Amino acid sequence: RGDWAGPQPPLGSGSDLAPYGPLLSEVLSFGASFGQGDSADDGAGGGGSTSALSVLVLRATLCLYALGQTRVIHRVLDGVASLLSHTAEFKFMRGLGHCAQSTSAASLAAAEEAFFAAINGLATGSPDLVLGINQLKHELQGTAAGHSQPHALSKLDYYRTITLLFRRVGHLKGAVKFTLAAIAQAKGREEAETAAAETGKLWTTLFELFSDLGMWSEAYVTVLANPIAASSIAALRTLAIGLVENVSDLCALPLVGSRDDDANASAGVGKRKTKAFYLAEVENALLWHCDHISVEGHGVGNPYLPLYVFHTHNNKHASAAQVMWKYALRAREHMQENAEFRRALMIAFNSLSLSPEGFRWLLDHNGDVVTLDTIKQNLIDSSG
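Residues numbered from 1 in each chain as written. Predicted model: local features only at pLDDT ≥ 70, side-chain atom pairs only at ≥ 80, totals over all residues. Heavy atoms only, no water.

Q: Run through the packing of helix H11 (residues 216-225) against helix H12 (residues 229-242), naming residues and quoting values.
A: Helix-helix packing is described using two parameters, namely the angle between the two axes and the distance between the axes. One way to put it is that H11 packs onto H12 with a least axis distance of 9 Å and a crossing angle of 160°. By the angle between their axes, H11 is roughly antiparallel relative to H12. Considering the relative orientation of H11 and H12, their crossing is left-handed. Residue-level inspection shows Trp-216, Ala-219, Tyr-220 and Val-223 of H11 in contact with H12, the latter providing Ser-232, Ala-235, Leu-236 and Leu-239. The residue inventory of the contact of H11 with H12, partitioned by class, reads seven nonpolar, one polar and no charged. (Axes fitted to C-alpha atoms, helices over the stretch in contact; angles between N-to-C directions. Helix = DSSP H or I, 4+ residues; strand = E, 2+ residues; numbered from the N terminus. Parallel < 35°, antiparallel > 145°, perpendicular 65-115°, else oblique. Left-handed = near helix turned anticlockwise from the far one by under 90°. Contact = heavy atoms within 4.5 Å. Nonpolar A, V, L, I, M, F, W, Y, C, P; charged D, E, K, R; others polar.)

See below:
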């Protein structure tokens, strides 16, 4: 065929390709032989030859991928496209070539299309395809493949492997698509308990992807959708701490409702489930984060300011005053500048003044009641 015509440099001439030169030469020569009489072979055993060529190309391109020779991958695949474009092996390797070749939007979109197209022929694919995908999965995970060779590959495993691949190359939006496909596949499992655990892990993966993309509303949706309560609450706390520097995005989330937190219930018989309220979990996560930030040193700033803004946005003025009072005490202990202590006291006083008449008080870390008069007296004392 014309695809193989013309002078071409030997594929095994480079030092990094030398060990695979005979294999690649065999691919090219075998592909050239298909240019003659392939229509006649189709009626009498041609399917076996096509399958053999497909496996040979798969092995060769896997070697090339391991060496990073993506340009040669497309050269080989272009040569056999007219013969093997319908096979799952070809579609998978085409996607792998696009994925490794470039991070351009066009290449990544082509990779997505090829990988989704390959899934339809996965069940009828060769054992080499299953083995190749399994090896790729372990390479991406950093684990050992083991001695036993898998005889089949589920669609769920396939989607998860492509997700890992797209995360490796930084194509997070593509990883989102394949994670969603994996979630739909996991939900169809017959074992309800196993399906819930598997789906929970996938929703956590989706949360991480949306967080990396800065899609905070979508990340919050994954928190609500995760069937595993412990994973959901952990993700919510991570989301809250991740938005400390962008508290306006945190304020925009509809933090209403609750869910059963079965972490304590699983610890022993007789433990009752407790309610985990989304708003309270976010407040506790922010407070923990603020408490663990040092206030020592010049120009450190007020670590409690994001939590103060969050409480004020929710009209919880007494809570806002309480975090400012806490910061004032820490500033007085660790800072030499009296101005920062006074500034925190004035903010606490103003916030507590906005509370309803009968609720203008708060508790300090010792459990003592702090009123407006208490804060005012501290202001007077700090002025000398």
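Back to the write-up after that little detour.
Q: Kindly report on the nonpolar core, identifying the contributing residues and their values.
A: Counting residues in each nonpolar core, the largest one holds 93 residues, and the members touching the most others are Phe-92, Phe-115 and Tyr-158. The leading source of residues in this core is helix H16 (residues 317-334), at nine residues. (Core = buried A, V, L, I, M, F, W, Y, C linked by side-chain atoms within 4.5 Å. Buried < 20%, exposed > 50% of the residue type's maximum accessible area, 1.4 Å probe, protein only.)

Q: Tell me what's going on with a nonpolar patch on the surface, and back it up with residues and numbers.
A: Together, Phe-359, Trp-361, Leu-363 and Val-369 make up an exposed nonpolar region whose accessible area comes to about 410 Å². Note on placement: Leu-363 falls in strand S3 (residues 361-363). According to the relative accessible area criterion, Leu-363 is partly exposed, its value standing at 38%. (Patch = residues over 30% accessible without salt bridge, like charges linked within 9 Å, V, L, I, M, F, W, Y side chains within 5 Å. Areas by Shrake-Rupley, 256 points an atom, 1.4 Å probe, with all protein chains shown as cover. Salt bridge = Lys/Arg side-chain N within 4 Å of Asp/Glu carboxyl O.)

Q: Can you explain the packing of helix H6 (residues 105-118) against helix H9 (residues 172-187)? Please cite residues and give values.
A: Between H6 and H9, the least distance of the axes is 10 Å, while the angle of their chain directions is 20°. In terms of their interaxial angle, H6 and H9 are classed as roughly parallel. In this structure, H6 meets H9 at a crossing whose hand is right-handed. Every residue of H9 that contacts H6 at Glu-112, Phe-115 and Phe-116 is listed here: Gly-174, Lys-177, Phe-178 and Ala-181. Classifying every residue of the contact of H6 with H9 by side-chain character gives four nonpolar, one polar and two charged.

Q: Report on unusual backbone geometry, specifying residues and quantitative values.
A: Despite not being glycine, Asn-315 has its phi angle at roughly 60°, a positive value. Within the secondary structure, Asn-315 sits in the loop between helix H15 (305-313) and H16. You can call Asn-315 exposed: its relative accessible area is 59%.

Q: Please provide a residue-by-residue account of the packing of aromatic side chains, values included.
A: Applying the stated criterion across every chain yields a total of 10 aromatic pairs. With 5.9 Å between their ring centres and 75° between their planes, Phe-115 and Phe-166 make a pair best called edge-to-face. One end of the pair, Phe-115, is in helix H6; the other, Phe-166, is in helix H8 (residues 155-169), with 51 residues separating them in the sequence. Here Phe-115 and Phe-166 have matching classes, each one buried. With a centroid separation of 6.4 Å and an interplanar angle of 55°, the aromatic rings of Phe-116 and Tyr-159 are classed as tilted. A residue pair is termed long-range when its members are at least 10 positions apart, and Phe-116 in helix H6 and Tyr-159 in helix H8 qualify at 43 residues. Residue Phe-116 is classed as partly exposed on the basis of its relative accessible area, which comes to 30%. One aromatic cluster is present, built from ring pairs that chain together Phe-92, Phe-115, Phe-116, Tyr-158, Tyr-159, Phe-166 and Phe-178. (Phe/Tyr/Trp six-rings, centres within 6.5 Å; stacked < 30°, edge-to-face > 60°.)

Q: How would you explain H16 if you had to name every residue and give the values?
A: An ideal rise of 1.5 Å per residue puts 26 Å on 18 residues; H16 measures up with 26 Å between its terminal C-alpha atoms. Within the span of H16, buried status applies to His-317, Ala-320, Ala-321, Val-323, Met-324, Trp-325, Tyr-327, Ala-328, Leu-329, Arg-330 and Ala-331. Buried residues along H16 sit against helix H14 (278-291), H15, helix H17 (338-353), S3, strand S4 (369-371) and helix H18 (372-382). (Expected span 1.5 Å × (residues − 1).)

Q: Account for the confidence of the model for the protein, with residues named and values stated.
A: Of the residues in the protein, 79% reach a pLDDT of 70 or more, and the chain-wide mean stands at 82. Averaged over each element, pLDDT in the protein is lowest for helix H2 (residues 38-42) (40) and highest for H15 (97). Across residues 264-270 the pLDDT falls below 50, and counting only partners more than four positions away or on other chains, this stretch makes five contacts in the model. (pLDDT = per-residue confidence, 0-100.)

Q: Describe the environment of Trp-203, listing the residues and the values that go with them.
A: Among the structural elements, Trp-203 can be located in helix H10 (residues 192-213). Under the relative-accessibility criterion, Trp-203 is labelled buried at 12%. For Trp-203 and Ala-225, which are 22 residues apart along the polypeptide, the C-alpha to C-alpha distance reads 7.4 Å. Beyond its immediate chain neighbours, meaning those up to four positions away, Trp-203 contacts Ile-183, Lys-187, Thr-222, Ala-225, Asn-226 and Pro-227.

Q: How would you explain the pattern of salt bridges if you had to name every residue and give the values?
A: Under the criterion given, the structure shown has 12 salt bridges. The partner of Asp-78 in a salt bridge is Arg-94, and the shortest N-O contact between them spans 2.8 Å. With Asp-78 in helix H4 (residues 70-84) and Arg-94 in helix H5 (residues 88-101), this residue pair connects regions lying 16 residues apart in the sequence. Taking the relative accessible area as the measure of exposure, Asp-78 reaches 43% and is therefore partly exposed. Where Lys-177 meets Glu-112, a salt bridge forms, and the shortest distance between an N and an O atom there is 2.8 Å. Residue Lys-177 is found in helix H9, and its partner Glu-112 is found in helix H6; the two are separated by 65 residues along the sequence. In this structure Lys-177 comes out as partly exposed when scored by relative accessible area, which is 42%. What makes Glu-112 buried here is its relative accessible area of 9%. Salt bridges sharing common partners tie together Asp-157, Arg-160 and Glu-198.

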